[in-house]
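Structural overview
One letter stands for each residue in the lines below.
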Amino acid sequence: MYYLVYGFFFLLSLIPWRVMYIISDGLYLLVYYVFGYRKQVVMKNLSIAFPEKTAAERVLIAKGFYKNFIDTFIETIKLVSISSKEFDKRFVINAEVLNDLLPTGQSVQVHSGHFFNWEFLNLGVAKNSKYPLLGIFTALSNKTFNRLITKIRSKYGTILISTADFRTRFHLYTEKPYVLGLVADQNPVDPTNAYWVKFFGRMTPFVKGPEKGAKNMNTAVIMADFYKVKRGYYKTDLTLLTTTPKDTPNGFITQSLVRFIEECIKKRPHNYLWSHRRWKFEYDAEKFSKYVIGEKD
């Protein structure tokens, strides 16, 4: 079954980019206007993040988000057969921020948010990094499609570790310098095991794992802003946050990431994954005030 599915997507991936984007435009019309996929969640998130904008302005952001969302799936299909030369034309990164750390022997964590297109980012970092790239992912329940997406994501050498296997496999790759890529704006399972920090003016819980990992392993921390330059072309801007994570106060790395993500979103609001429930948990001062970092008021 896998080879049939892979062969089908390989043939699909040979369709010219311009035709794929025509297909994407058609799918956007269906998803936005007909099915309204998670539209209530998207519009609620936008009203929280941008209360100063008019309803019409938020609708424009939402439409831009849905177009980027659909493009991501279409572009992922193209990645099945994309050549190395073609990929290099379509992805730019200031990789020296990362690679200049390799002579120190220090490993690195790259932190970011749910920006588009994360599939390009994974391949681009792996292709341009002198470090081996470790990628953490949640395995798909369908084994055939999980194998397919794993093949795509490991195209340029990314070492993929599922969340289920992280505890047993991660240590196998830590004896030599590595770079660990983390989309670190995930909602925590337990809001009492989280850092609460203001995100667009509202108290929001963020997972502690990325910061704890950086301190435990003494990894340098780099922030990544990645975004679409034009359809099918992406740029990633890396910024070094710290090479001494153990010297930073608790919550500093997480709060810095939140501020970074917020500024990136303000520059390109349509470039963020608004369909996930970022403000899933309501802040209760009696329950959560002791987990707050930064300003409380």
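Just so it is clear, the model here is predicted, and its values are computed rather than measured. (Residues numbered from 1 in each chain as written. Predicted model: local features only at pLDDT ≥ 70, side-chain atom pairs only at ≥ 80, totals over all residues. Heavy atoms only, no water.)

Next up on the list: the packing of helix α3 (residues 39-49) against helix α4 (residues 55-78). Contact geometry of α3 with α4 gives a least axis separation of 10 Å together with a crossing angle of 130°. Considering the angle they form, α3 stands oblique to α4. In the crossing of α3 with α4, the sense of the turn from one axis to the other is right-handed. Here Lys39, Val42, Met43, Leu46 and Ser47 of α3 come into contact with α4, specifically with Arg58, Val59, Ile61, Ala62, Phe65 and Tyr66. Here the residues of the contact of α3 with α4 are counted per class, giving eight nonpolar, one polar and two charged. (Axes fitted to C-alpha atoms, helices over the stretch in contact; angles between N-to-C directions. Helix = DSSP H or I, 4+ residues; strand = E, 2+ residues; numbered from the N terminus. Parallel < 35°, antiparallel > 145°, perpendicular 65-115°, else oblique. Left-handed = near helix turned anticlockwise from the far one by under 90°. Contact = heavy atoms within 4.5 Å. Nonpolar A, V, L, I, M, F, W, Y, C, P; charged D, E, K, R; others polar.)

Our next topic: the environment of Tyr234. Mapped onto the elements, Tyr234 comes out in strand β9 (residues 233-242). Residue class for Tyr234 comes out buried when judged on its relative accessible area of 3%. Sequence separation between Tyr234 and Phe87 is 147 residues; the distance between their C-alpha atoms is 10.0 Å. Discounting residues that sit within four places of it in the chain, Tyr234 has contacts with Glu75, Arg90, Phe91, Val92, Phe116, Asn117, Phe120, Tyr227, Lys228 and Val229. At 2.6 Å, the side chain of Tyr234 and the side chain of Glu75 are in polar contact. (Buried < 20%, exposed > 50% of the residue type's maximum accessible area, 1.4 Å probe, protein only. Polar contact = N/O pair within 3.5 Å; in protein donor to acceptor, adjacent residues only side chain to side chain.)

Glancing now at the pairing of strand β5 (residues 179-183). When strand β2 (residues 108-112) meets β5, the two strands line up parallel, connected through five bridges. Of the residues in β5, the one forming a bridge with Val108 is Val179. With three bridges connecting them, strand β3 (residues 133-137) and β5 associate as parallel partners. Along β5, the bridge assignment pairs Gly135 with Gly181. (Pairing = 2+ DSSP bridges.)

Here helix α1 (residues 2-13) crosses helix α8 (residues 143-153) at 50°, and the two axes come no closer than 9 Å. Of the possible angle classes, the one that applies to α1 and α8 is oblique. Note that α1 runs across α8; the crossing there is right-handed. Where α1 approaches α8, its residues Tyr2, Tyr3, Val5, Tyr6 and Phe9 are matched on the opposing element by Thr144, Phe145, Arg147, Leu148 and Lys151. For the contact of α1 with α8, the residue count by class is seven nonpolar, one polar and two charged.

With that settled, the discussion passes to the sheet that holds strand β8 (residues 220-230). The mixed open sheet is built from seven strands, whose spatial order is β1-β9-β8-β2-β5-β3-β4. Bordering the open sheet on either side are β1 (91-93) and β4 (159-162), each of which pairs with just one other strand. Across the sheet, the mean angle separating the axes of adjacent strands is 25° when strand polarity is ignored. Examined bridge by bridge, β1 and β9 share three bridges and lie parallel to one another. Within β9, the position partnered with Val92 by the bridge is Lys235. Set on the sheet, helix α10 (residues 209-217) makes contact with β2, β5 and β8; between it and β2 the angle comes to about 165°. Against the sheet, helix α11 (residues 252-267) contacts β2, β8 and β9, and its axis sits at roughly 10° relative to β8.

So, about the pairing of strand β6 (residues 194-199). Counting buried residues in β6 gives six out of six residues, a clear majority hidden from the surface. Neither face of β6 is exposed, since Ala194, Trp196 and Lys198 on one face and Tyr195, Val197 and Phe199 on the opposite face are all buried. Pairing of β6 with strand β7 (residues 202-207) involves six bridges; the strand directions are antiparallel. Within β7, the residue paired with Trp196 across the bridge is Pro205.

Here Val292 is to be found in the segment after α12 (285-288). Put simply, Val292 and Lys39 are 253 residues apart on the chain and 30 Å apart in space, counted from C-alpha to C-alpha. Non-local contacts of Val292, meaning those with residues more than four positions away in its chain, are made with Trp196, Met203 and Tyr283.

Counting 71 residues, the largest nonpolar core has Val108, Phe199, Ile265 and Trp274 as the members making the most contacts within it. At eight residues, α4 tops the list of elements feeding residues into this core. Excluding residues within four positions of it along the chain, Val108 makes contact with Leu98, Leu101, Tyr131, Tyr178, Val179, Leu180, Thr219, Ala220 and Ile222. (Core = buried A, V, L, I, M, F, W, Y, C linked by side-chain atoms within 4.5 Å.)

Function cannot be inferred from these measures alone, as they are strictly geometric.
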